[in-house]
Structure formats: structure tokens, C-alpha cells
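As a plain string of letters, each chain reads:
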Amino acid sequence: MIFGGDPSEVPFVMFDIQHLIIIGIFFGGLVFIYFSRKHNVSRKVEIGAGLSLVMFEVAHHFWLLYHGRWEIDYALPLHLSSISVILIIILLFTRSRWLFEIAFLVGIGGAVQAVMTPVLVYGWPHFRFIHFFYTHVGVIWVVFYFLWHKKFPLRAWSIVKAMVFLNVLLPLIWLVNLRTGGNYWFIMEKPSGASLLDVLGPHPWYILGMEAAALVLFTLLWAVFGRKRT
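Right, let's walk through the structure included here. (Residues numbered from 1 in each chain as written. Predicted model: local features only at pLDDT ≥ 70, side-chain atom pairs only at ≥ 80, totals over all residues. Heavy atoms only, no water.)

1. Thoughts on unusual backbone geometry
Rule in force here: For helices the rule is a DSSP run of H or I covering at least 4 residues; for strands it is a run of E covering at least 2, with both sets numbered from the N terminus onward. A simple rule labels every residue: compare its accessible area, found with a 1.4 Å probe on the protein chains alone, to the largest value its type can have, and call it buried under 20%, exposed over 50%, or partly exposed in between.
Of note, the bond from Trp-124 into Pro-125 is cis; its omega dihedral lies within 30 degrees of zero at 5°. Here Pro-125 is to be found in the loop between α4 (97-116) and α5 (127-148). Cis geometry is adopted by the peptide bond preceding Pro-204, which originates at His-203 and carries an omega value of 0°. Notably, Arg-95 is not glycine yet its phi reads approximately 55°, a positive angle. Tracing the chain through its elements places Arg-95 in the loop between α3 (80-94) and α4. Judged by its relative accessible area of 32%, Arg-95 is partly exposed. Phi at Lys-151 takes a positive value of approximately 60°, unusual for a residue other than glycine. Mapped onto the fold, Lys-151 is located in the loop between α5 and α6 (156-180).

Structure representation (C-alpha cells):
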């Protein structure tokens, strides 16, 4: 495993062989989780998975600090991907059905996009490559494990819970951005370069577009994977 700060050592290229292998492992893992759903999984495996995610997240922050890249305006665990990992860790430790409903909807959309079209400069076998895909793939695998193995329900009411969760956090994230000069959740300005936000209008109106997009995505996820009753 490489821990250096120079991405030119092992650059990441989207959809090259290393990325395609990860995508194959990702889908293969989902297939395995589905077809093994009638087999019991030891509680120790759940706890071990949670601890491994904790260690990877801690190691990531140590890596940022070591290379002088930890800055309060972007390194706090307040990105949706980081929040999703935190939700998954708590879910693995607590088996909370209430938390599962939020973790499934909030975590899965962003994590799938990250796996398929990652914003990443470090390739295999760099620590950042392994951390990035382990945490994002882990989010998806864990929520489907609880859906298929543990039969945790995804209800229509889950959509409301997830939307309330995001909108309770939204003003807090905005306050953090004001204090740190950050742009967590892209609510202060659009990201540089082309993005989906470009079609959602100017600031701050695209934030309402993000809300609508989240509602549509959550509804689609419930329609496909949820129980069709409240």
C-alpha cells in the first residue's frame, strides 16, 4: 500500500482496469449478499465491519494531517459521504431499524455515484484509493445486508424521515460553512467545473433543486426496494 502525497506515483484513471475491477467487485458483492440472505451472519462480523470503517476513517484523517492537507474548510466529516459512513458505523453497532431507513436512502445515492464516477486522483494500491472505495462500497453493501439479510423495512415513511434528517442538518452545515469558509454540501456555491447543479438554476435556488432531486431519488429507491405500505 502506498501512502505518499504525490498522485503521479499511481494516478487514477476512470474506467481503466483497476476501476473496472472495483465495479465488478461492487456488483459481485451485491449478488453475493442477495443470494446468501438465508444464511446467518455472526454478530462479530458486523462489529468487525464497523470497526474497520472506523479505522479507515481515522487513518484518512491522520493521512491528511501527515501530508499537511487537513483544513477545517473541507476536512471535517460533514460531506454527505462522510455522514453516510458515520450512519453505517452506528447502524452496524446498534442494528437500529430507525437509523437504517435514513442510512439506506441518504447513503446509497451518493455512494453509487461515487463508485461509478469517482472524484479521485490516486490509483491502486494507494491508501486513498483503497479508503475511497472501501468506504463507499461498504455503505452500499451494509444497507443491502440489513435489507436482505436482516429484513429491515424500508417504508414510505422512510422518505419523510430521510428528508427531515437532511433538512435538520442543512442549517447546521450552513453555519459551519459561515464559520470555516467551507462549502460543505455545496450550499454556499456550485462546485468548480460542470456538474448536475448547473441545470438547477443560480445560487441559492439550486438548493431547492437539490431538495427536489433528493425527494425523487428517495421515492424511486423506496419504489424499487421498499415495502409498499406505511
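2. Some words on the pattern of salt bridges
What counts, and what does not: The working definition used for a salt bridge is a side-chain nitrogen of Lys or Arg within 4 Å of a carboxyl oxygen of Asp or Glu.
What the rule picks out here adds up to five salt bridges. For Arg-43, the salt bridge identified is with Glu-46, shortest N-O distance 2.4 Å. In this pair, Arg-43 and Glu-46 both sit in helix α2 (residues 43-66), three residues apart, roughly one turn of the helix. Overall, Glu-46 belongs to the buried group, its relative accessible area being 3%. Between Arg-95 and Glu-46 there is a salt bridge; the shortest N-O distance is 2.8 Å. One end of the pair, Arg-95, is in the loop between α3 and α4; the other, Glu-46, is in helix α2, with 49 residues separating them in the sequence.

3. Points about the packing of α2 against α5
What counts is decided by this rule: A fitted line through C-alpha atoms serves as each axis, taken over the contacting stretch for helices, and the angle formed by two N-to-C directions is quoted from 0 to 180°. Angles below 35 degrees are treated as roughly parallel, those above 145 as roughly antiparallel, those between 65 and 115 as roughly perpendicular, and all remaining angles as oblique. Each crossing is labelled by how the near helix is turned from the far one, with a counterclockwise turn of less than a right angle marking it left-handed and a clockwise turn marking it right-handed. Contacts were defined at the residue level, with two residues in contact if any of their heavy atoms lie within 4.5 Å.
Contact geometry of α2 with α5 gives a least axis separation of 10 Å together with a crossing angle of 150°. By the criterion of interaxial angle, the relationship of α2 to α5 is roughly antiparallel. The way α2 lies across α5 gives a crossing that is left-handed. Together, Glu-46, Ser-52, Leu-53, Phe-56, Glu-57, Ala-59, His-60 and Trp-63 of α2 and Phe-127, Arg-128, Ile-130, His-131, Tyr-134, Thr-135 and Tyr-145 of α5 make up the contact between the two elements.

4. What about the environment of Trp-185?
Structurally, the position occupied by Trp-185 is in the loop between α6 and α7 (205-225). Overall, Trp-185 belongs to the buried group, its relative accessible area being 11%. Between the alpha carbons of Trp-185 and Leu-170 there is a distance of 8.5 Å; along the sequence they are 15 residues apart. Each residue touching Trp-185, except ones within four places of it in the same chain, is listed here: Leu-78, His-79, Leu-80, Ile-83, Leu-166, Leu-169, Leu-170, Ile-173 and Met-210.

5. Comments concerning the packing of helix α1 (residues 17-35) against α4
Spelled out, the test is: Put simply, Ala, Val, Leu, Ile, Met, Phe, Trp, Tyr, Cys and Pro go in the nonpolar bin, Asp, Glu, Lys and Arg in the charged bin, and everything else, Gly too, in the polar bin.
Viewed as axis vectors pointing N to C, α1 and α4 meet at an angle of 145°, and their least axial separation amounts to 9 Å. Two secondary-structure elements touch here, α1 through His-19, Ile-23, Phe-26 and Phe-27 and α4 through Val-112, Val-115 and Met-116. The residue makeup of the contact of α1 with α4, split by class, is six nonpolar, one polar and no charged.

6. Side note on a nonpolar patch on the surface
Put simply, the rule reads: To count toward a patch, a residue needs a relative accessible area above 30% and no salt bridge. Like charges then connect within 9 Å, nonpolar side chains (Val, Leu, Ile, Met, Phe, Trp, Tyr) within 5 Å. Method for areas: the Shrake-Rupley scheme with a 1.4 Å probe, in which residue coverage is limited to the protein chains shown.
Among the surface-exposed residues, Leu-51, Val-54, Met-55, Val-58, Phe-62, Leu-65 and Phe-93 lie close enough to one another that they form a single nonpolar patch of about 660 Å² accessible area. Here Leu-65 shows up in helix α2. Residue classification places Leu-65 among the exposed positions, given a relative accessible area of 52%.

7. Thoughts on the side chain of His-149
To keep it simple, the criterion reads: Side-chain atoms alone can form a polar contact between residues adjacent in sequence; in general such a contact is a pair of N or O atoms within 3.5 Å, and within protein one must be able to donate a hydrogen while the other accepts it.
Within the secondary structure layout, His-149 lies in the loop between α5 and α6. Since its relative accessible area comes to 12%, His-149 is described here as buried. Side-chain polar atoms of His-149 contact the backbone oxygen of Ile-33, separated by 3.0 Å.

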